Amino acid sequence: MPVPRPRAFVRKCFLVLASVFTLFLVTTPARAADLPEFVHDGTLTVCTNPTLPPMTFVNGTDATAMAGVDMDLARALARYWNVKLVTTPMDFVGLFPSLAAQRCGMVISGIIKLPEREKNFDAITYLDTALVVVARAGTPHIGSMADLSGKAVAVQSGTSYAARIGRENDLLVAAGRAPITIQQYPTEDAVVQQVLIGRVFAFASQDVELYFRRKQLHGKVNIILEPDYPEYRNFAIYIRKNAHDRQSVESAIATLETSGTIAEIRKKWAIGDSGRDAFTQPAQAPGFRWATFLSALGSSAFLRGALITLSVAILSHLTAIIISVPMAITLNGPDSIIRQALRVYVSVFRGAPTLLQLLFIWNALPQFFPIFREEWFTPFLATWLSLSINESAYQVEINRAALSAVDRGQEQAADALGMNRRQVYFHVIFPQALRIALPPTINEFINLLKTTSLASVISLQELLSVTQIQVARTFEFTEYYAAALIYYLAMVFFFLFVQKRVERRFAWADRHKACANEP
């Protein structure tokens, strides 16, 4: 038996080790050096708007159980980088501000790759798509966007559809024709609903979503045009501008494509042209679904959403009252710099829209103070802070008026009895002012209870947010809206009952009863 020479043996061993090492690099997840910089503490954070099936949506009544193409891709990326995945659901208009504020490392939410967005963010494509114009069933096909002249078209606010149709309007106006009327709505399901009820002629969306919704829409809509817009051909992952991060994501997507992972995701969610034929098969939509309505009324998701709504309203209003009492006393006092500053405070927060204040605290505040982008600053805390500040500007006027309504002679009499200022306020002024302030205070709380619905834009899973998520998943508008209405009415009627009882308890003496005792 021949004995291998030492050099040949060493060379063979080296080749074997090199092959094993190469195989190890190819088959193992990305090394730490390949991780994007937006992955912190072994966690990948993703922002998404879970109202765009099949890209991303809530699969069931649990608001945390998100599914879809984007969610499967996010999980595949997390596995590739060997990190933990954390997804943050929010309103569509809050996605890019949250990305800029570093609340998440990437945005994956069925968003088109557009040059306008790439001015501020990096975009990595992962799926082909096309823009479509959809109208009610039976509407004939049109040849171009110009055929929509003078008609109303609905689009989702925060998307680029309005701007693209606006460019079509420029051409129509230049040709002496009527422009397309653009109506914008906060969610995609609200956009589709406008066509179903006949408020608009058509809406613009992406083909993959319409194919997924074919069963939910019961043959009520039809694709009438696929405009030739090259810029609407790809879905993209968006990240903050960073050359290393872009290369890392592109490398990960390429690997997932080569391994067949992305192809499996496409197959799982039936992404392809097979959905087109579904719109030629009309079906009769059922009437009001009592089972869905009753299920929503008793669901843990709706109950939890109502409790969050109630909790944030109570905490915000109590905080506003605590803040507003010393402010009201100061405003009723002698003129000073503090009094002038408080007047500015009240004017600013009463003048600025509540939604704008909420978005500023959630998205803009972290730009100035990085501590507010930490995990402790949750949507609940942001809503609590925003509504407390906003509500205090209104509550201070109620308290100030109530304190001013107390007869000045009451305070003078208390001074004559030798009471100090604390005793005067707590034993004389506050009890009388309470009777005056309580009815409008409860009324203001009821308004605040309904204002909490704005918190859905920063991903707080309150009652309206839960309702919108379920509507987007099932397209059963009436049933879920009716269930939400029952919850809101139950809470409001309860506090109206409390208000009546309180007014009766603290009411001034009835004039008729007083007159009845006269001789």
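What counts, and at which threshold
Residues numbered from 1 in each chain as written. Predicted model: local features only at pLDDT ≥ 70, side-chain atom pairs only at ≥ 80, totals over all residues. Heavy atoms only, no water. Pairing = 2+ DSSP bridges. Helix = DSSP H or I, 4+ residues; strand = E, 2+ residues; numbered from the N terminus. Contact = heavy atoms within 4.5 Å. Axes fitted to C-alpha atoms, helices over the stretch in contact; angles between N-to-C directions. Phe/Tyr/Trp six-rings, centres within 6.5 Å; stacked < 30°, edge-to-face > 60°. Buried < 20%, exposed > 50% of the residue type's maximum accessible area, 1.4 Å probe, protein only. Lys NZ or Arg CZ within 6 Å of the ring centre and 35° of its normal. Salt bridge = Lys/Arg side-chain N within 4 Å of Asp/Glu carboxyl O. pLDDT = per-residue confidence, 0-100. Parallel < 35°, antiparallel > 145°, perpendicular 65-115°, else oblique. Left-handed = near helix turned anticlockwise from the far one by under 90°. Nonpolar A, V, L, I, M, F, W, Y, C, P; charged D, E, K, R; others polar.

1. Describing the sheet that holds strand 3 (residues 56-58)
Logical step 1: A sheet is described by the order of its strands in space; here 3 strands give the open sequence 2-3-4, paired in antiparallel fashion. Taken across any chain shown, the strands that pair with only one partner, and hence form the sheet edges, are strand 2 (51-52) and strand 4 (66-67).
Logical step 2: In terms of strand pairing, strand 2 meets strand 3 through 2 bridges, oriented antiparallel. Looking at strand 3, one finds that Leu 52 is bridged to Thr 56.
Logical step 3: Docked against the sheet, helix 17 (residues 463-474) engages strand 2 and strand 3, running at close to 115° with respect to strand 3.

2. Comments concerning the packing of aromatic side chains
Logical step 1: A full pass over the atoms with the stated rule returns 23 aromatic pairs.
Logical step 2: Between Tyr 161 and Tyr 232, the aromatic rings sit 5.9 Å apart at their centres with planes inclined by 25°, giving stacked as the arrangement. In this pair, Tyr 161 is assigned in helix 5 (residues 161-174) and Tyr 232 in the loop between strand 12 (221-225) and strand 13 (234-240), connecting sequence segments 71 residues apart.
Logical step 3: Given the relative accessible area of 8%, Tyr 161 is considered buried.
Logical step 4: A relative accessible area of 2% places Tyr 232 in the buried class.
Logical step 5: For the ring pair Tyr 345 and Phe 349, a centre distance of 4.8 Å and an interplane angle of 50° mean the geometry is tilted. Of the two residues, Tyr 345 and Phe 349 both sit in helix 12 (residues 337-351), 4 residues apart, roughly one turn of that helix.
Logical step 6: According to the relative accessible area criterion, Phe 349 is partly exposed, its value standing at 23%.
Logical step 7: Over the aromatic face of Trp 362 sits the side chain of Arg 103, whose NZ or CZ is 3.6 Å from the ring centroid.
Logical step 8: Between the NZ or CZ atom of Arg 164 and the centre of the ring of Tyr 229, over which it lies, the distance is 3.9 Å.

3. So, the pattern of salt bridges
Logical step 1: The final tally for this structure, using the stated rule, is 14 salt bridges.
Logical step 2: Between Asp 72 and Arg 75 there is a salt bridge whose closest N-O contact spans 3.1 Å. Pair noted here: Asp 72 and Arg 75 are both in helix 2 (residues 69-81), with a separation of 3 residues, about one helical turn.
Logical step 3: With its nearest N and O atoms 3.6 Å apart, the salt bridge here joins Arg 246 to Asp 122. Linking Arg 246 in helix 8 (residues 243-258) with Asp 122 in strand 7 (residues 121-128), this pair joins segments that are 124 residues apart in sequence.

4. A closer look at the confidence of the model for the protein chain
Logical step 1: Considering every residue of the protein chain, the mean pLDDT works out to 83; 86% of them sit at 70 or more.
Logical step 2: At the low end of the mean pLDDT range in the protein chain sits helix 19 (residues 511-516), at 46; at the high end sits strand 6 (residues 106-107), at 96.
Logical step 3: Residue range residues 274-284 is modelled with pLDDT below 50. Its contacts to residues more than four positions away, or to other chains, number 14 contacts.
Logical step 4: The low-confidence segment residues 509-518 (pLDDT under 50) makes 0 contacts with residues lying over four places distant or belonging to another chain.

5. Some words on the packing of helix 2 against helix 9 (residues 261-268)
Logical step 1: At a closest axis distance of 10 Å, the pairing of helix 2 and helix 9 adopts a crossing angle of 155°. In terms of orientation, helix 2 and helix 9 fall into the roughly antiparallel class. Helix 9 is crossed by helix 2, and the crossing has right-handed handedness. Of helix 9, the residues touching helix 2 (which contributes Val 69, Asp 72, Leu 73 and Ala 76) are Thr 261, Ile 262, Ile 265 and Lys 268.
Logical step 2: Considered class by class, the residues forming the contact of helix 2 with helix 9 number 5 nonpolar, 1 polar and 2 charged.

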